[in-house]
Amino acid sequence: FQGHTDVGLSELGRRQARAIAHRLQSESFDRIYSSDLSRARATAEIIASPHRIPVLTDPRLREFAFGEWEGLTWLEIAARNPELNDATDIIGAYAPPGGETISDVIERWRSFHADLMHTGNGRALVVTHAGMLHAAMRAMRPRRADDVFVGRFKFTPASLSRVAFDANGNAEVTELNDARHLEAESPHWVRVVESIGS
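Residues numbered from 1 in each chain as written. Predicted model: local features only at pLDDT ≥ 70, side-chain atom pairs only at ≥ 80, totals over all residues. Heavy atoms only, no water.

## Quick notes on the pairing of strand β3 (residues 124-127)
Threshold: Three exposure classes are used, based on accessible area relative to the maximum for each residue type with a 1.4 Å probe and protein chains only: buried under 20%, partly exposed in between, and exposed over 50%. Going along the chain from the N terminus, every DSSP run of H or I of four or more residues is numbered as a helix, and every run of E of two or more is numbered as a strand. Between any two strands, pairing holds if DSSP finds at least two bridges.
Burial along β3 is one-sided: the residues L125 and V127 are buried and none of A124 and V126 is. In this structure, strand β1 (residues 31-34) lies alongside β3, joined through four bridges in parallel fashion. Its bridge partner being in β3, Y33 is matched across the sheet by V126.

## What to know about the pairing of β1
Note the cut-off: Orient the strands so they point away from the viewer; a crossover is then right-handed if the path from the first strand over the helix to the second runs clockwise.
Burial along β1 is two-sided: the face carrying R31 and Y33 and the face carrying I32 and S34 are both buried. Bridge count between β1 and strand β2 (residues 55-57): three bridges; the pairing is parallel. Considered in β2, the bridge of I32 is made with V55. A crossover links β1 with its parallel partner β2, the connecting element being helix α2 (residues 38-48), and its sense is right-handed.

## Quick notes on the environment of N121
Inspection of the secondary structure puts N121 in the loop between α6 (102-118) and β3. Accessibility expressed as a relative area gives 79% for N121, which makes it exposed. With 44 residues separating them in the primary sequence, N121 and F165 have C-alpha atoms 9.7 Å apart.

## Side note on the packing of aromatic side chains
The following threshold applies: Two rings belonging to Phe, Tyr or Trp (six-membered ring only in the last case) form a pair when the distance between their centres is within 6.5 Å. Interplanar angles under 30 degrees mark stacking, angles over 60 mark edge-to-face geometry, and anything in between is tilted.
Tallied over the full model, the rule gives 13 aromatic pairs. Aromatic pair F1 and Y94: ring centres 6.3 Å apart, planes at 65°, arrangement edge-to-face. Linking F1 in the segment before α1 (11-24) with Y94 in the loop between α5 (90-93) and α6, this pair joins segments that are 93 residues apart in sequence. Residue classification places F1 among the partly exposed positions, given a relative accessible area of 29%. Judged by its relative accessible area of 10%, Y94 falls in the buried class.

## Points about the side chain of H51
Rule in force here: In protein, a polar contact requires one atom able to donate a hydrogen and another able to accept it; more generally it is a pair of N or O atoms within 3.5 Å, and residues adjacent in sequence count only if both atoms are side-chain atoms. Only heavy atoms matter for contacts: two residues are in contact if any of them lie within 4.5 Å across the pair.
Locating H51 in the fold gives a position in the loop between α2 and β2. On the basis of relative accessibility, which here comes to 15%, the residue H51 falls in the buried class. Of note is the side chain of H51, whose polar atom sits 3.3 Å from the backbone oxygen of L24. Beyond its immediate chain neighbours, meaning those up to four positions away, H51 contacts L24, Q25, E27 and F29.

## Considerations on the nonpolar core
Across soluble globular proteins, nonpolar side chains show a tendency to be buried alongside one another. What counts is decided by this rule: Remark: nonpolar core denotes a set of buried residues (Ala, Val, Leu, Ile, Met, Phe, Trp, Tyr, Cys) joined through side-chain atoms within 4.5 Å.
One finds F64, Y94 and W109 to be the most contacted residues of the largest nonpolar core, which totals 23 residues. Elements with a contribution of two residues or more to this core: α5, α6 and α7 (130-140). With six residues, the top contributor of residues to this core is α6. Apart from residues no more than four positions distant in its own chain, W109 is found in contact with L61, M132, A136, A139 and M140. Of all hydrophobic cores here, the second largest spans 15 residues; its members include A21, A44, V127 and L160.

## Considerations on the pattern of salt bridges
Test applied: The rule for a salt bridge is simple: a side-chain nitrogen of Lys or Arg has to be within 4 Å of a carboxyl oxygen of Asp or Glu.
For the structure shown, the criterion picks out 14 salt bridges. Across the salt bridge formed by R18 and E11, the nearest N and O atoms sit 3.1 Å from each other. Judged by its relative accessible area of 43%, R18 falls in the partly exposed class. Between R162 and E27 there is a salt bridge, with its nearest N and O atoms 2.7 Å apart. Taken together, the residues R162 in strand β4 (residues 160-165) and E27 in the loop between α1 and β1 connect sequence positions 135 residues apart. Salt bridges linked by common partners bring R23, E27, R123, R162, E175, D178 and R180 together as one network.

As C-alpha cells, then:
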C-alpha cells in the first residue's frame, strides 16, 4: 500500500503508461488533470505528450492516505486487522491509524468534481489512483457501475474507465476498468473488462 508515499513509476509502470497513451493518442481532450503524486503525474505527462495539453495537478486526486498501513502488503494489513477479512465492503471498512476513511476520500472527490463541473462542457482526462476511483464511483453513483460498490472490486493499474454526464449532471459509466491496451505488456495478469456500452 503506497498511499501518499511518493514513489515513482517503475519501468513496467512506464510501459503501461505508454500503452494507454497510445490508445488515447487519437482522442481529443480539453483538459488533463492528475494527482500530484509523481507516479500519477508521470503517467499523465506521458498520456498528455501527443496532445500538447498541460497537465493540471491537484492534491485532491491523491490516493487514500493509508497512515500506518503505508509500506505494508495486504496480508500484513489483514493480519493486524482481521476484521477486514470478514467485511463485505473492505474499502468501506478501511480505517488506517493516521490515515483516511472512504468518506474522507469521497469528500476530496466531491470538491474536485464540483470544480470540474464549473469549468464547462468538454472532455476531461483524469489520472488518479484506485482508491480515488472507488471514492468517485461511490460519490457519483453512476449507472452501470454496481459491481464497483462491492468493496472487493479491484481496478487494474493503467486501466481506462469512462464516465459520461447528461445535461442534469447524472453520471453513466460507459467503460469500466478496461485494460485491453495492456495485454502486450502484462499478459499474465491483465484483467480485461469489456466496454459496457451506452
